[in-house]
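# Structural features, examined
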Amino acid sequence: MERSFKKEVQALKLGDGETFHGEGILAVTKALLQSGVSYVGGYQGAPVSHLLDVLVDAEDILSDLGVHLETCSNEASAAAMLGASINYPLRGAVTWKSIVGTNVAADALSNLASPGVVGGAMIILGEDYGEGASVIQERSYAYALKSSMWLLDPRPDLPSIVRTVEKGFELSEASHAPVMLELRIRACHATGEFAASDNRKGIVSGLDKLAGPPRFEYGRLAHPPVIFAQEKLKIEERLPAARAFIREHKLNELIDGDLNDVGIVVMGGLTNSVLRALERLGLADIFGASRVPVLVLNVVYPLVPEEIREFCATKRAVLVVEEGHPDYIEQAVNVELRRADIQTRVLGKGLLPNAGEYASGVLLNGLAAFLTETRPNGIDADAVAGKARDILAVRAKTAEALGALPARPPTFCTGCPERPVFSAIKLVQREIGPTHISGDIGCHAFATFAPFSLGNSILGYGMSLASAAAVTPNMERRPIAVMGDGGFWHNGLITGVASNLFNKGDGVLIVMQNGYASATGQQYIPSSAASKEGPAPGMDIERTLRAMGVKWLRTVRTYGVANMVKTLKEAMRTAERGLKVIIADGECQLARQRRVRVQDAEKLKRGERVTRTRYGVDDEICTGDHSCIRLSGCPSLTVKPSPDPLRTDPVATVIESCVGCGLCGEVAHAAVLCPSFYRAEIVRNATWRDRFVHRFRQIVIGWLGGYNGRAVVKT
Ligand code: SF4
Ligand code: SF4
């Protein structure tokens, strides 16, 4: 069940004179419609998942404007979509999570950037860098540099973000190059307001279609021999055109200050953090007026040499605030100043760290170090550094007072259908010994944390089977590759399955068929039971695998741990060569709960019978060895003091959040643990039959246990 953004969508209808309030990511969506896009697309991934989700929910608005929306099968197909802007005056935007999505899209991006574009082409990157990120820590900058795509990094306030989107399309068209707009996690979730404009129809769109293709022009193909001319065009025409546009339209901002013998050059996305740090040091106010002059680079590539020279020429020293490695901007600033024979000192890395997010503590330290080093006229640099030390000391003292906090690794949701598969793998490994586990991207990667700690490598989305290709022939036991159904359709089918079959490979592949791209927000995928438009498109993983030539294929309900253990053992031990695929079938519990809760609420309103399953542990039987917790890892399963004074070990207990998936009972059974688990059904709006059965059971239990009139029914 996909999340609904029906409320947020209303903000997309605002027009001239109205004020938009909301999150940064929604402001980008509105800015796209104000820019007259003809097509939008992308692949979901934090922190830009909502962009696509909102557009999907806004289909009526899009169709009124003739905008085509494509929910792409991966980032490569999203990037290739931008090909529409190579020949036609179509403005379009696509989105994905970077750096990983940009890696997948790289081939199409190179082939787009080489011929260049006629219509504005924008790639909105969810720059998943820094605290809270979920992917490898690299920046998208290198892609912009190598392919000559302009990289926008707007200051994280809504008017700046919206202006950068709108101007970004104009920049793309003026310089015939695609632009990338990077949105950091904090920018996506920054809230604020801006003055809205009317939405615009594209020059060409689904409402005003093109009569036909343009006259054949070889120069529009990314193909030899024109690629050589295109390389020159990038440098000799598009780059100067971009710089002229950026300067003319003042895409970068200057914050003037009175301490003008020093200055700060900052990536647009880090501006708020720098201004906040200056404010804490007494060098800026809360509205962003700074005493230290700041050059805000809302466009981080290309830099405009004149702007750099003009800003630095009158200063003794500047600090370049550039997150991550390498220090592209710092190097470029140094080169520009040396070329112009300007002797301003350029400081940056060294005072600021080479790697990691520039969070508040980092910036306080870095700015204090810069001021101490350069001693600007008009302030007492030592006093400012002292202020930074005091602020950081309070933080250190607070941390000390709190003591070491327990680690809280992320884990599967309560009742997740993927957890039982890892319980089964643990049980199988007890018997046949450990084997290599190729992990993948998705919720199942939570199995790398305790209590499972399963997984030896993660090479990318849908890459688990491919990453086991060289392990399989070199290992006594078959490796197990785990892949989600999202990863399967994203590229696992070709990269993993087709490659394995083509090479007559071996090994075991588990495909988690939970029905959604769950980790990014339960978006539908090709094999979902439904689609946004209604009925499912009918793509089926099992049928697809059979058609590809997979012979050994089993579909197993995930919660049936004993059956999963048996099937896994068979896959690991069979003498049959070739790929063994187990489709682990179980709907994403989070999506299921969202769906079932609404259905149950409606039934209750109508006075209909509603049941809820819960599991429990019998205190008197539990021995307190907690194998059930170690094997299931369910967050609803915890411990409490033993009611028996003769047994000091705490006993297991099930808390209120249990969704009744049955895994704990299954594990107890499959692992031959203990009989302490019981299953109970909570019935609301009970029928006369329920009441009769309940009464009958009470009587029987009373007879068996010595009737005391207070028997508890456990079924
Ligand atoms: S979102 Fe769904 S698949 Fe992911 S951990 Fe939660 S229940 Fe499991
Ligand atoms: S306590 Fe047991 S039944 Fe309840 S959610 Fe956890 S594993 Fe499932």
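Structure: above.
These remarks concern the structure in this document. Since the structure is predicted, the reported quantities are computational estimates derived from the model, not experimental observations.

## Description of the overall build of the chain
From N to C terminus, the chain includes 25 helices and 28 strands. Sequence-distant contacts, at least 24 apart, represent 78% of the contacts inside the chain between residues at least 6 apart. Of the side chains in the chain, 79 bear a positive and 78 a negative charge, and the two mean positions are spaced by 7 Å.

## Details of a nonpolar patch on the surface
Nonpolar side chains collect at one region of the surface, where Phe216, Tyr218 and Leu221 lie side by side and expose about 310 Å² of accessible area between them. Tracing the sequence through the fold places Phe216 in the loop between strand E8 (191-195) and helix H11 (226-248). For Phe216, a relative accessible area of 64% puts it in the exposed group.

## A short note on the site of ligand 2
Around ligand 2, the neighbouring residues are Thr414, Tyr615, Cys634, Ser636, Val654, Cys658, Val659, Gly660, Cys661, Gly662, Leu663 and Cys664. Taken atom by atom, the bulk of ligand 2 overlaps the largest cavity. Looking at the shell around ligand 2, its residues break down into eight nonpolar, four polar and no charged.

## Regarding the packing of aromatic side chains
What the rule picks out here adds up to 11 aromatic pairs. Measuring from ring centre to ring centre gives 4.8 Å for Tyr141 and Tyr328, while their planes differ by 15°; the resulting arrangement is stacked. Placement of Tyr141 in helix H8 (residues 141-147) and of Tyr328 in helix H14 (residues 328-339) is noted, with a sequence separation of 187 residues between them. Note on Tyr328: relative accessible area 22%, which makes it partly exposed. Members of the aromatic cluster, connected to one another through ring pairs, are Phe412, Phe422, Phe446 and Phe452. When the ring centre of Phe311 is taken as origin, the NZ or CZ atom of Lys315, which lies over that ring, is 4.8 Å away.

## Topic: helix H20 (residues 541-548)
All buried positions along H20 are accounted for by Ile541, Thr544 and Leu545. Projection of H20 onto a plane perpendicular to its axis shows the buried side chains occupying an angular sector of 95°, all on one side. Exposed side chains of H20 directed beyond 90 degrees from the buried face belong to Arg543 and Ala547. Packed against the buried residues of H20 are helix H19 (485-502), strand E18 (508-513), strand E23 (552-557) and strand E24 (580-585). For H20, the N-terminal cap is Asp540; the gap from its side-chain oxygen to the backbone nitrogen of Glu542 is 3.1 Å.

## What about the sheet that holds strand E9 (residues 253-255)?
Spatially, five strands are ordered E9-E11-E10-E13-E14 in an open sheet, and the strand pairing comes out mixed. Edge strands, defined here as strands with exactly one partner in the open sheet, are E9 and strand E14 (345-352). Averaged over all neighbouring strand pairs, the angle between strand axes comes to 25°, with direction disregarded. Taken together, the three bridges between strand E13 (residues 317-321) and E14 define a ladder with parallel strand orientation. Within the sheet, the bridge partner assigned to Val318 lies in E14 and is Val346. Sitting on the sheet, helix H15 (residues 360-374) touches strand E10 (262-267), E13 and E14, and the angle it makes with E14 is about 140°.

## Some points on the pattern of salt bridges
By the definition in use, this model includes 34 salt bridges. Among the ionic pairs, Lys569 bridges to Glu431, the shortest N-O distance being 2.8 Å. Remark: Glu431 occurs in helix H17 (residues 419-432) and Lys569 occurs in helix H21 (residues 561-573); sequence separation between them is 138 residues. Between Glu656 and Arg612 there is a salt bridge whose closest N-O contact spans 3.4 Å. Separated by 44 residues along the polypeptide, Glu656 in the loop between strand E27 (651-654) and helix H24 (663-670) and Arg612 in strand E25 (residues 610-617) bring together distant segments of the chain. In this structure Arg612 comes out as partly exposed when scored by relative accessible area, which is 30%. Because the salt bridges share partners, they merge into one network encompassing Asp153, Glu182, Arg184 and Glu323.

Definitions and limits used
Residues numbered from 1 in each chain as written. Chains lettered and ligands numbered in written order. Predicted model: local features only at pLDDT ≥ 70, side-chain atom pairs only at ≥ 80, totals over all residues. Heavy atoms only, no water. Helix = DSSP H or I, 4+ residues; strand = E, 2+ residues; numbered from the N terminus. Contact = heavy atoms within 4.5 Å. Lys, Arg positive; Asp, Glu negative; His and termini not counted. Charge placed at Lys NZ, Arg CZ, Asp CG, Glu CD. Patch = residues over 30% accessible without salt bridge, like charges linked within 9 Å, V, L, I, M, F, W, Y side chains within 5 Å. Areas by Shrake-Rupley, 256 points an atom, 1.4 Å probe, with all protein chains shown as cover. Salt bridge = Lys/Arg side-chain N within 4 Å of Asp/Glu carboxyl O. Buried < 20%, exposed > 50% of the residue type's maximum accessible area, 1.4 Å probe, protein only. Near = heavy atom within 4 Å. 1 Å grid on protein atoms, 1.4 Å probe; cavity = no way out; pocket = protein on both sides within 12 Å on 5 of 7 lines; lining within 4 Å. Sits in = over half its atoms within 2 Å of the grid points. Nonpolar A, V, L, I, M, F, W, Y, C, P; charged D, E, K, R; others polar. Phe/Tyr/Trp six-rings, centres within 6.5 Å; stacked < 30°, edge-to-face > 60°. Lys NZ or Arg CZ within 6 Å of the ring centre and 35° of its normal. Arc of directions from axis to C-beta. Polar contact = N/O pair within 3.5 Å; in protein donor to acceptor, adjacent residues only side chain to side chain. Pairing = 2+ DSSP bridges. Axes fitted to C-alpha atoms, helices over the stretch in contact; angles between N-to-C directions.

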